[in-house]
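Summary of structural features
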Amino acid sequence: MIPSRFVGADAARARFGARVDRLATFLSESDPLADAVVLACAGLPPGEGFRLFSECAAKGVAAVPQAPDALRAFFHDTEQTPAWVDPDRVERGRRVFLRYGPLAGIVLGGRSLILGYVSPAGNKPLVFSGRLAAQAPRRLAETGRFVQAIAEPRGTEVGREGYQITLKVRFMHAQVRRMIELSGKWRPAEWGRPINQHDMAGTTLLFSLAVIDGLRSLGARIDRQEADDYVHLWRVIGRLMGVSAELLPACEADAVALAEVIAATQAPPDDDARALTSALLRVPHE
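One structure accompanies this document, and this report is about it.

The rules behind these values
- Residues numbered from 1 in each chain as written.
- Predicted model: local features only at pLDDT ≥ 70, side-chain atom pairs only at ≥ 80, totals over all residues.
- Heavy atoms only, no water.
- Core = buried A, V, L, I, M, F, W, Y, C linked by side-chain atoms within 4.5 Å.
- Buried < 20%, exposed > 50% of the residue type's maximum accessible area, 1.4 Å probe, protein only.
- Helix = DSSP H or I, 4+ residues; strand = E, 2+ residues; numbered from the N terminus.
- Phe/Tyr/Trp six-rings, centres within 6.5 Å; stacked < 30°, edge-to-face > 60°.
- Lys NZ or Arg CZ within 6 Å of the ring centre and 35° of its normal.
- Contact = heavy atoms within 4.5 Å.

**Some thoughts on the nonpolar core**
Core analysis: the biggest nonpolar cluster contains 28 residues, and F97, F146, F207, L215, I222, Y230 and W234 have the highest contact counts within it. Put simply, the parts of the chain that give this core at least two residues each are α6 (87-118), α8 (136-150), α11 (197-207), α12 (209-217) and α13 (224-240). The next biggest cluster of nonpolar side chains, apart from the first, holds 21 residues, and it includes A9, F16, L27 and L247.

**Focus on the packing of aromatic side chains**
Applying the stated criterion to the full structure yields 12 aromatic pairs. Measuring from ring centre to ring centre gives 6.0 Å for F146 and F207, while their planes differ by 85°; the resulting arrangement is edge-to-face. With F146 in helix α8 and F207 in helix α11, this pair connects stretches of sequence that are 61 residues apart. With respect to class, F146 is no different from F207; both count as buried. For the ring pair F146 and W234, a centre distance of 6.0 Å and an interplane angle of 70° mean the geometry is edge-to-face. Note that F146 is positioned in helix α8 and W234 in helix α13, a separation of 88 residues in sequence. Residue W234 is classed as buried on the basis of its relative accessible area of 5%. The rings of F50, F53, F74, F75 and F171 are connected pair by pair, giving a single aromatic cluster. We note R235 situated over the ring of W84; from NZ or CZ to the ring centre the distance is 3.9 Å.

**Quick notes on the side chain of T156**
As for its placement among the helices and strands, T156 is situated in the loop between α8 and α9 (161-183). T156 sits in the buried class, given a relative accessible area of 12%. When neighbours within four sequence positions are excluded, T156 is seen to be in contact with V90, I150, Y163, L233, V236, I237 and L240.

**Describing unusual backbone geometry**
At R154, a position not held by glycine, the phi torsion is positive, near 60°. Its location among the elements puts R154 in the loop between α8 and α9. Its identity is not glycine, yet I195 carries a phi of approximately 50°, on the positive side. A relative accessible area of 13% means that I195 is categorised as buried.

Nothing here speaks to function; it is all geometry.
The structure is reproduced here in structure tokens:
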């Protein structure tokens, strides 16, 4: 069953073909490796699961012999480097972001996060927190710390701070997903799975394509090779975040194509989108 949040499918098929139906299936898929970790940690004493997870992220799973099998499977996957990863391109992509410093931060806060709020179903995991205004400063600060860590030299490599933070965000997403689904309040027929593959892929676009577009609109000169390198950086991060390889753009053109399909099948912003955006825009004044 395709969740009802997926709108305009007929018109989208006429423009984009079979990829539309393929994309729709990812609304009902989550992150099995991370979900298994959270389930395993739920059976441990309070705090022990996250402690083991953090130790594995910092030292490598081989250095933590007491780690449950689910953690071993998870880190066996994240500690592998796919053949397509190009360290030189990752480095160049990192420099693109750093070159614009505070301007890139403004684009993240004033464009990327708000575009994420626009999705009336994708924003629901945030809404379920029930503290839209109070958590806006925290979300902004955590996003800043996240991008700062991955923008450091070799920040996405195993054991580095960017690597650790990325995996902890993924762990948190799986925890939130489990909490929401156990609450009985989630409506899968309308929204799909909470923090599903479709929305996770969309988030990588917010931090990659949306940043490139935003910087260019402010006058930045980012050529095609630089844009492709920056997308490559976020392809690496997206993989660590648990996004399916099928949904990770290899270049700017791929990212644009995916963004267009998502935009064509997404409903307009709702009241929750407006509340989240209003809370975020109040942060600088407060």
